[in-house]
Amino acid sequence: MSDNYDVIVIGAGHNGLVCANILAKKNRKVLICEARDNCGGLLEESITNFVPQIPMSVSSSLGGLPVKYKAKSSIALSESGQHIRLVGNQHIDHKVISGFSSKDADRYVEFHDKMSSFSKALGSFMMASPPRIMNNTFSDYFKLFKLGMNVRMLGKKKFNEFARMIGLNIADELEDNFENTLLQGLIAHDAVLGSNLGPRSPGSLINLLFRMATHDNSIFGGIYEIDGGSKAFVDTLLDISNKNKVEIKTSSSVKRCITENDKAVGVELHNGEKIYAKKIISNADPRSTYFSLLGTENLDTDVKRRIKHHRSKGKVAKLSLSLNKQPEFINCDKDDLESRMVIAPSIDYIEEAFNPSKFDKLSMEPILEMKLKNSDQSNPALDIQVQYASYGAQEGWDNIKDNYVDAVIKLIEKYAPDIQSCIETKAIVTPDDIEKNFHVTGGHWHHGEIQIDQLFMLRPIPGASQYRTHLDGLYMCGAGTHPGGGLTGIPGRNAAQAILEDA
Amino acid sequence: MNRDLRFTALKKTPFHSRTSLASRTNKYYNWNGFTVPTEYSTTELEYTAARNGTSVMDLTPMCKYMINGSDANRFVDYLVTRDLSQMEDNTVAYIIWCNEDGKVMDDGTIFKFSDTKFMLCCAVKIYNWLHDSAEGFDVSCEDATDTTAALAIQGPTSCSTLKNYGADDLELLKPFGMKQYNINGYDVLISRTGFTGDLGYELWTNPANAENMWDSIMEAGKELKIRPFGMHALEMTRIEAGFIQTNTDFMAAEDSLRPVRMRSPYEIGMGWLVHLNKESYFVGKRALKKEKETGNSERCLVGLDIDGDKPAVGSVIYNEKKEDIGIVTAAMWSPTMKRNVALASLKRPYGIKIKENIFAEIYHPEELEYKKIWAKCKVVKRQFFSPERRNKVPADLYE
């Protein structure tokens, strides 16, 4: 057996591509096996709407990432036409909110400062590989010490506040601060976006902090659209891969990891082909990595339990409407239409939408995050993230899909009365579809809930943090690892570092 | 939900009508949720029967699990540290299993009927563990504790007793062999296994046959010094045989609150049951491989031969500098061997490299006063008692 490659990356999602390129730049011979016929994974127009900016630390380790972003403001739509549009700039936002409540405006600035300082304290921890306490190494303790220090350096008052808020639900905190329900709804929406939480679920606040840490430490400031769409981003990564001589095999679904003396030495494709390498990296979700690639017969019972209990049920569907003309949103100007439009008018509304999802059922009044594309052209389109669209909905997605889409459109009708007449085609991608088409267990954006039991050194499961799995030579670089999903490339970068450390 | 909050009484085994009749002392204890006698008359008498005649013990409370399915063979091999890939049908094997850290959860015996059917017997309840371990294997695990009645028939005349009962050609059954019989119109599985370190058998049947089985065996052994024996007598015989008992000689990994109390197989003298060169993976293999390679096992479980005749129950073991090096987990004066023996958990290198010059501090109670004895010990093979008849084929027969 000869090692044809230094590294095989399973899955050409953006983290897989980032990881592969960093390794290739360090003169590793890298092959990517991608099950689908195109690259990019969930970074695709049919899934992605808005993204954070790739952190400098990641783009610089790729030798630059020439992607252009357009900053997006966020608008909370109101049936009455009294929308709130926030751009992420304290002064402007203060002025906007003053129009509704001067008390809220002042409070918003305070709230934002507080949250921002917390997210910064988490920030350095977010970027680096999490410590692994079981290792008992100095550097791991130092990392933990540093996080503790970061938080403690906030000062005694803020430290106490941080401790108070870390397990809190976002609704309580928002209701304590603000009186405008639309503003509450907008912030709560972002706190629960992509998760299995309602605004009143404990832990929804840390979810927002986590989101802020990757979004310029701002609630509404770090939200972008990629110039040229997701495809432009993927193409850029592919260009870099080309330059770095990363080989990519598409339509090459990996069946399992080949092991020798309990060490990963290669992969076997579904077509029977066997490829060998010194290291294998999985960009797949934790459950697929452990149960399919590693195989249940190679796992300890305790590990199987943890993977089985790993929470990864997706809750977001994407509805894409292609339109023949631009719909008239009530009281929206051009800037408003260019914004990230959110329909989540109050905390209670979100909680009502969330309630059925606890029982794997669907609310016919979901929360929406919308993007109007090509608004100045003849073929506009409306891309909508619909939450809570439960994975494995009890009603059965096949039976209810059409009704559900109609319900969403009816909901939009309240804000854009002529939407029906504008629609040419409609296509919905449910979490079940994501699982099937993108091979992500549960169809979860983040390959697993961003929750305190699945964060930092507990992500994806205890004993498998720091991008290493239980099998020697097999690594993970996907959204299931620290710090989680979103277009950040951090898991991919950190995984590459782990591999370089081990070499 | 309508829940009955009254206490549920301990369950009675299918032999209870007979064991309660045989019990003169009415001493019972809770074994795995069942009420069973600790002793019937006197422990010494029962012990003597076990070593010189036939002793009968109700084994029903032992945890019993049936493992069925097309992957049963692979699954069992995955579950335990021992390599069972070459195990033959209708044989029994002594096994241990570990958690992911390579710490022993329990020991037990596995009965192989065929590649697709096994029975696992052990002390600690592990249904949940089996169920979760079975993820990815085509097997079903079923708790058969309540649906299987079991009797241990042990002692030098046990083979003769069972032959009288109707088990033809039983003397030809090899140690760790098992054979299906039909006696008095019902099915009985007889295995040549036991916990006394002597010639002995264990019988497994449907609970409906239990009373007939007990009565018939008592009748069959009437001339062969048959006697029911309880837990206390069993404890004596198992110490002599050097058998370990979970949560007595070591803490089951899942029952230990303190991680440092968990023991690897190498630390309880069970290294011989760990087959790291087994081709397939088994639970705990990675951790055990690491422990073996680094040699960082901290303890060992050894047999001690102790000066004097006062049993070193619960004694602390010291070296010549009076440093604490371990503890006695089980101890007794062996009436058969006339030796003062004990099982002890020692800190390495004591017990492995240093076997002499160690001492037990024995507190011997004498009418409300303790006599403190400083007794010299010698590390010896744990198997104190192992008569030739134990493994003899054909087994000894008596008229």
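Here, the structure is the one placed above.
Okay, so let's go over this structure.

## A closer look at the pattern of salt bridges
Line of reasoning, step 1. Enumeration over the complete set of coordinates arrives at 54 salt bridges over all chains.
Line of reasoning, step 2. Among the charged side chains, a salt-bridge network with shared partners connects Glu45(A), Lys318(A), Lys373(A) and Asp383(A).

## Focus on the sheet that holds strand S12 (residues 186–191) of chain B
All names here are of chain B.
Line of reasoning, step 1. Here 6 strands make up an open sheet; going across it, the order is S11-S12-S13-S10-S4-S14 and the pairing mixed. The open sheet has two free edges, formed respectively by strand S11 (178–183) and strand S14 (226–228), since each of these has just one partner strand. With direction set aside, neighbouring strand axes in the sheet form an average angle of 25°.
Line of reasoning, step 2. Of the pairings in the sheet, the one linking strand S4 (residues 54–58) to S14 comprises 3 bridges and is parallel in character.

## Points about the side chain of Asn32(B)
All names here are of chain B.
Line of reasoning, step 1. Inspection of the secondary structure assignment puts Asn-32 in the loop between strand S2 (27–31) and strand S3 (34–39).
Line of reasoning, step 2. Take Asn-32: its relative accessible area is 18%, and that puts it in the buried class.
Line of reasoning, step 3. A polar contact is formed between the side chain of Asn-32 and the backbone oxygen of Pro-61, at a distance of 2.9 Å.
Line of reasoning, step 4. Excluding its chain neighbours within four sequence positions, the residues that come into contact with Asn-32 are Pro-61, Met-62, Cys-63, Ala-123 and Lys-125.

## Topic: the sheet that holds strand S19 (residues 358–366) of chain B
All names here are of chain B.
Line of reasoning, step 1. Sheet architecture is closed into a barrel: 6 strands sit in the order S15-S18-S17-S16-S19-S20, paired in antiparallel fashion. Recorded for the sheet is a direction-independent mean angle of 40° between the axes of neighbouring strands.
Line of reasoning, step 2. Direction of pairing for strand S16 (residues 316–319) relative to strand S17 (residues 324–334): antiparallel, over a ladder of 3 bridges. Looking at S17, one finds that Tyr-318 is bridged to Asp-324.
Line of reasoning, step 3. Taken strand by strand, helix H7 (residues 231–241) contacts S17 and strand S18 (339–347), and its axis lies near 120° from that of S17.

## Looking at a nonpolar patch on the surface
Residue and element names in this part refer to chain A.
Line of reasoning, step 1. On the surface, Phe-138, Phe-142, Phe-145, Met-149 and Met-153 cluster together into a nonpolar patch covering about 600 Å² of accessible area.
Line of reasoning, step 2. Along the chain, Phe-142 turns up in helix H5 (residues 138–152).
Line of reasoning, step 3. The exposure class assigned to Phe-142 is partly exposed, which follows from its relative accessible area of 40%.

## Description of the nonpolar core
All names here are of chain A.
Line of reasoning, step 1. Among the nonpolar cores identified, the biggest contains 85 residues, and Phe-329, Met-370, Leu-382 and Ile-412 are the most heavily contacted of them.
Line of reasoning, step 2. Examining the composition of this core, we find that 9 residues originate from one element, helix H4 (residues 102–127), more than from any other.
Line of reasoning, step 3. Not counting residues up to four positions away in its chain, the partners in contact with Ile-412 are Phe-329, Ile-343, Leu-368, Met-370, Leu-382, Ile-384 and Ile-419.
Line of reasoning, step 4. Counting residues in hydrophobic clusters, the runner-up holds 38 residues, among them Ala-12, Cys-19, Val-58 and Ala-495.

Parameters and conventions
- Residues numbered from 1 in each chain as written.
- Chains lettered and ligands numbered in written order.
- Predicted model: local features only at pLDDT ≥ 70, side-chain atom pairs only at ≥ 80, totals over all residues.
- Heavy atoms only, no water.
- Salt bridge = Lys/Arg side-chain N within 4 Å of Asp/Glu carboxyl O.
- Pairing = 2+ DSSP bridges.
- Helix = DSSP H or I, 4+ residues; strand = E, 2+ residues; numbered from the N terminus.
- Axes fitted to C-alpha atoms, helices over the stretch in contact; angles between N-to-C directions.
- Buried < 20%, exposed > 50% of the residue type's maximum accessible area, 1.4 Å probe, protein only.
- Polar contact = N/O pair within 3.5 Å; in protein donor to acceptor, adjacent residues only side chain to side chain.
- Contact = heavy atoms within 4.5 Å.
- Patch = residues over 30% accessible without salt bridge, like charges linked within 9 Å, V, L, I, M, F, W, Y side chains within 5 Å.
- Areas by Shrake-Rupley, 256 points an atom, 1.4 Å probe, with all protein chains shown as cover.
- Core = buried A, V, L, I, M, F, W, Y, C linked by side-chain atoms within 4.5 Å.

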